[in-house]
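Breakdown of the fold
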Amino acid sequence: MTEVWDVIVLGGGAAGLVAAFHARQAGASVLVVNKGLVGRSGATITSGGGVSIAGESLVAIGLQADASDTEERFLQDTVIAGSFLNDQQLVESMVTGIGAEMQRLIDWGIKFSVNRRAPGHSSGRGVHISGIDMQRALTRIAQQAGVSFREDFQSTQLLRREGAVVGVLGLDRRTGSVDSIHGHSTVLATGGATSNWSLRTAPEELSGEGQRMAVEAGATLIDMEMMQFLPCCLTAPAIWRGLQFPWILGPQSGVHAWLMNRFGERFMARWDPVRMELATRDMVSAASATEVHEGRGSPNGGVYLSWKHLPNDIIDNFPATSRSISADWQWEGFDMTPLVERIKQGYAIEVAPAAHFSLGGVRVDAGAATGVPGLFACGEVTGAMHGANRLSGNAGAQVLVQGRIAGQAAAVDAQQRRAADRWADNQDEAAAVTLAPFERQAGVAPFELKERLSQLAERALGPVRTATALEEGRIVLADLKNNVLPQLACRTRDLMWNRDWSDALECQAAFSVIESALLGAAGREHSIGAHQRHDNKHADSGVLSHSLVSFDGNALRRHTTPVTFPFVARP
Amino acid sequence: MLMHLTLFRDGELRQLDIQLPPPAGLGLGIDRWEGASVSTALQYAQRVFEPNLGYSLSCRRGLCRLCAMRIDGEVKLACTVALHDGIRIEPAKPKLALHDTVVELSLVRVKPERGAKVATENRIPTTT
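Summarised in this report is the structure supplied together with it. (Residues numbered from 1 in each chain as written. Chains lettered and ligands numbered in written order. Predicted model: local features only at pLDDT ≥ 70, side-chain atom pairs only at ≥ 80, totals over all residues. Heavy atoms only, no water.)

Some remarks on the overall build of chain B
Looking only at helices and strands, chain B has two helices and seven strands in total. Split into buried and exposed, the 128 residues of chain B put 55% on the buried side. Of all intrachain contacts in chain B linking residues separated by at least 6 positions in sequence, the fraction that spans at least 24 positions is 47%. Looking at chain B as shown, the accessible area adds up to about 5600 Å², and 52% of this sits on carbon and sulfur atoms. (Helix = DSSP H or I, 4+ residues; strand = E, 2+ residues; numbered from the N terminus. Buried < 20%, exposed > 50% of the residue type's maximum accessible area, 1.4 Å probe, protein only. Contact = heavy atoms within 4.5 Å. Areas by Shrake-Rupley, 256 points an atom, 1.4 Å probe, with all protein chains shown as cover.)

With respect to the overall build of chain A
Looking only at helices and strands, chain A has 15 helices and 22 strands in total. Its C-alpha atoms give chain A a radius of gyration of 23 Å, near enough to 25 Å, the size a compact globule of 571 residues would have. Summarising its shape, the C-alpha atoms of chain A cover approximately 70 × 60 × 50 Å along the three principal directions. Burial status across chain A gives 61% buried among its 571 residues. Taking contacts inside chain A between residues at least 6 apart in sequence as the whole, the part at least 24 apart equals 72%. Carbon and sulfur atoms make up 50% of the accessible area of chain A, which totals about 20300 Å². Counting 51 positive and 60 negative side-chain charges, chain A places the centres of these two groups 2 Å from one another. (Rg over C-alpha atoms; globule rule 2.2 N^0.38 Å. Lys, Arg positive; Asp, Glu negative; His and termini not counted. Charge placed at Lys NZ, Arg CZ, Asp CG, Glu CD.)

Description of the interface of chain A and chain B
One widely used convention gives an interface's size as the accessible area the parts lose upon coming together. Across the contact, 35 residues belong to chain A and 37 residues belong to chain B. In terms of surface lost to chain B, no three residues of chain A exceed Arg40(A), Ile239(A) and Arg499(A), which account for 22% of the buried area on that side. Counting across the interface, chain A meets chain B through five salt bridges. Across the salt bridge formed by Arg60(B) and Glu204(A), the nearest N and O atoms sit 2.8 Å from each other. Applying the counting rule to chain A against chain B returns 19 residue pairs in polar contact (both at pLDDT 80 or more). Contributions of two or more residues to the side of chain A that touches chain B are made by α5 (131-144), α13 (446-460) and α15 (499-523) of chain A. Of all the elements, α5(A) adds the most residues to the side of chain A that touches chain B, at three residues. (Buried area = accessible area lost by both parts, 1.4 Å probe. Salt bridge = Lys/Arg side-chain N within 4 Å of Asp/Glu carboxyl O. Polar contact = N/O pair within 3.5 Å; in protein donor to acceptor, adjacent residues only side chain to side chain.)

Thoughts on the nonpolar core
With 117 residues, the main nonpolar core has Val7(A), Met134(A), Val187(A), Leu188(A), Leu453(A), Leu461(A) and Ile514(A) as its most contacted residues. Per-element tally for this core: the top contributor is helix α11 (residues 394-416) of chain A, with ten residues. Excluding residues within four positions of it along the chain, Ile514(A) makes contact with Asn196(A), Leu453(A), Leu456(A), Ala457(A), Leu461(A) and Leu477(A). Leu37(A), Ala36(B), Val38(B) and Cys59(B) belong to the second largest nonpolar core, which has 42 residues in total. (Core = buried A, V, L, I, M, F, W, Y, C linked by side-chain atoms within 4.5 Å.)

Description of the pairing of strand β9 (residues 177-188) of chain A
Residue and element names in this part refer to chain A. The sheet contact formed by strand β1 (residues 4-10) and β9 spans six bridges and is parallel. Note that in β9 the partner of Leu10 across the bridge is Leu188. Linking strand β8 (residues 164-172) back to β9 in an antiparallel pair, the connection comprises four residues, with Gly176 at a positive phi of about 80 degrees. Pairing geometry for β9 and strand β18 (residues 375-377), over three bridges, is parallel. By the bridge assignment, Val187 is partnered in β18 with Phe376. (Pairing = 2+ DSSP bridges.)

Description of the environment of Ala366(A)
Residues and elements named next belong to chain A. Looking at the element boundaries, Ala366 is found in the loop between β17 (361-362) and β18. Note on Ala366: relative accessible area 34%, which makes it partly exposed. Ignoring anything within four residues of it in the chain, the contact list for Ala366 reads Gln89, Leu90, Ser93 and Ile405.

Observations regarding the packing of helix α12 (residues 427-439) of chain A against α15(A)
All names here are of chain A. Two numbers describe how α12 lies on α15: the axes approach to 9 Å, and their chain directions differ by 135 degrees. Considered as vectors, α12 and α15 are oriented oblique to each other. As α12 runs across α15, the sense of the crossing is right-handed. Listed contacts from α15 to Val433, Thr434, Leu435, Pro437 and Phe438 of α12 are Trp501, Ala504, Leu505 and Gln508. Residues that form the contact of α12 with α15 fall into these classes: seven nonpolar, two polar and no charged. (Axes fitted to C-alpha atoms, helices over the stretch in contact; angles between N-to-C directions. Parallel < 35°, antiparallel > 145°, perpendicular 65-115°, else oblique. Left-handed = near helix turned anticlockwise from the far one by under 90°. Nonpolar A, V, L, I, M, F, W, Y, C, P; charged D, E, K, R; others polar.)

Remarks on the state of the cysteines
Two cysteines, two sulfur atoms, one covalent bond between them: this is a disulfide. Residue and element names in this part refer to chain A. On inspection of all chains with the given rule, the structure shows zero disulfides over all chains. Not part of a disulfide, Cys232 finds its nearest cysteine sulfur in Cys233, a span of 7.6 Å. The buried category is assigned to Cys233, whose relative accessible area is 0%. (Disulfide = S-S within 2.5 Å.)

Observations concerning the packing of helix α1 (residues 14-25) of chain A against α5(A)
Residue and element names in this part refer to chain A. Running from N to C, α1 and α5 cross one another at 25 degrees; their axes reach a closest spacing of 9 Å. Between α1 and α5, the angle falls in the class roughly parallel. For the pair α1 and α5, the crossing hand works out as left-handed. On α5, the residues that touch Ala14, Leu17, Val18 and Phe21 of α1 are Met134, Gln135, Leu138, Thr139, Ile141 and Ala142. Taken together, the residues that form the contact of α1 with α5 break down as eight nonpolar, two polar and no charged.

Some remarks on the sheet that holds strand β5 (residues 87-91) of chain B
All names here are of chain B. Sheet architecture is open: five strands sit in the order β2-β1-β5-β3-β4, paired in mixed fashion. The open sheet is flanked by β2 (12-19) and β4 (74-77), the only strands paired with a single partner. Within this sheet the neighbouring strands show an average axis-to-axis angle of 30 degrees, counted without direction. In the sheet, strand β3 (residues 68-71) pairs with β5 via three bridges, with the strands oriented antiparallel.

A short note on unusual backbone geometry
Negative phi is the rule for most residues except glycine; trans is the rule for most peptide bonds. Residue and element names in this part refer to chain A. That bond from Ala236 to Pro237 is cis: its omega, -10 degrees, falls within 30 degrees of zero. Following the sequence through the fold, Pro237 ends up in the loop between β11 (227-234) and α7 (245-249). Positive phi, normally seen in glycine, also occurs at Phe84, with a value near 65 degrees. Along the polypeptide, Phe84 turns up in the loop between α3 (71-81) and α4 (88-107).

Digging into the packing of aromatic side chains
All names here are of chain A. With the rule as written, the count across this model stands at seven aromatic pairs over all chains. Between Phe84 and Phe565 the ring centres are 6.4 Å apart and the planes differ by 65 degrees, which places this aromatic pair in the edge-to-face class. Placement of the pair is Phe84 in the loop between α3 and α4 and Phe565 in the segment after β22 (555-562), with a sequence separation of 481 residues. Given a relative accessible area of 10%, Phe84 falls into the buried group. (Phe/Tyr/Trp six-rings, centres within 6.5 Å; stacked < 30°, edge-to-face > 60°.)

Comments concerning the side chain of Asn196(A)
Residues and elements named next belong to chain A. Position of Asn196 among the secondary structure elements: in the loop between β9 and α6 (209-216). Engagement of the side chain of Asn196 in a polar contact is seen with the backbone oxygen of Ser207, the distance being 3.0 Å. Not counting residues within four places of it along the chain, the set of residues in contact with Asn196 comprises Ser207, Leu453, Ser454, Ala457, Ala510, Val513 and Ile514.

Remarks on helix α8 (residues 281-293) of chain A
All names here are of chain A. An ideal rise of 1.5 Å per residue puts 18 Å on 13 residues; α8 measures up with 18 Å between its terminal C-alpha atoms. The buried fraction of α8 is high, at ten of 13 residues. Listed as buried for α8 are Arg281, Asp282, Val284, Ser285, Ala286, Ala287, Ser288, Ala289, Thr290 and Glu291. Gly295 sits one or two positions beyond α8 and adopts a positive phi of about 85 degrees. (Expected span 1.5 Å × (residues − 1).)

Printed below as a string of structure tokens:
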């Protein structure tokens, strides 16, 4: 007889592990399924470490903070930063729920410090927990709670019976076997879809399988055109590509480095003459990308960031006040001394915005329900929490609160909706789609398609968009879908760690992600936050809508629903 | 650019030398391999020379430690080490090797037959 879990959690980052812990606490048997290794994959490890919490919530759990910083102010900052595109019900549940989650982390003995300042927030608001410490603590807590794990398992299809999700099918990368895992309730916590963009800060494996599986199972994707770009990331050399070190040594830390185009113009003056480089990250990203789009960029497709007007002392003394950079310029896994030396010699550094965080994703309500029976979602795989731009630290708050809600809801759901017969209607089809690239003997190597897709996303769905580029993207994507996707073939028959096969499955996910984003972006004809239309730089003063994408027959279709403003009215 | 690989395949260690062509024009955005990481080279080698080649890669910035390998005799993170001619790349620990350069680094895998010993063996020392 097939083993049936009460709750299956897809993804082993913070959102997934918190969900797994809470489902287990509620008495469910829980399996965490992870594409890589739990504790060594996902975006949590790479997090800057912020967890936003209102000052009053910190005071309520006995920490020293600004008590006048209320949950209402936290909600308001989040919604203003998101250009009012947030689902305010989600924001409300985050700002009111995060204090209790922080208390739990303190009880678990996690290392943290209280923030003094937090960019974009109207107060210090929140704590700092390094991404590595967060991931390590949650891995241990989930293990101690009795959660089980299945690693190196690339989930590709949700198993369904009569419209409800009854498990997941995927590829065991260690053995090459295509397996089905059955559960009464499933939580998606697979993270963002950033690796479909060529220049990115996030890990390799965030390719959007969760978003794809959800929409194919009948869920709705929301605001998929909203990709947060982090400005001032390195474009070269290859070993440093995508690193956000210049952003940290510059604007993020309040250091007044100057952004210039190839004519030496400080182009931020055209966008925000007061804050200049210290403007919000969506604006700095849009401004930098606009320079490149209009032909004023640097050789590697970026712009210049310069510290030359500052005395070297400011750079020399920087590490003393930095949480992440050591005195000898060790940062993350790198020795940044050569770059710093170059900066001190007066050279500018080429930087560009990198895909950083998926603001759009699976549509959920404040109960983490997707609307598909047996399917819940939490964390970066979901959409609309952050609207059109995310404040620093809000992803940390989101994963903890939504993770708890999703885990508890899934445990209750698993109790209420137990089906004796877990046989899926789509078992054979799901297996066939997953096996297809392996069984095809000759065709296109998957990495070639992967490259073309990420270049397509970069061109059509970068920080600045135009109707022309979006339409070109749509045509190219349709061509690739009809003519190349069905031709994907693995060049090796090896079952173990067959990267061609994994790449082919990631390509399948990429199509849903990119197509949804193109549909959303083409339909949103005005500029807002992370979605900057070069052909229409003005914001829309009319009805503000969410882009929704769902399956209609055999095709993805876009529709809209007006944004509601239950807590903070739109001015 | 010559890479000497020692790969764990079908239960034994095998040697494989790969001569990478000059990177200009390969779409990697570099004109010298010295500006690329070992991970980038392995990725390129899998794509062009050796479709079977197994390697692990996640964060690309030295945080997740998934890409730990023995490079020129020392266990390092492949994503943070720059290439040089004649570089030697091996599994971090032959006893933990699974496939090619991929080794067992699971923090949560249950191995009842080996008990508590597993936890200490999994802790691969790194120089970073």
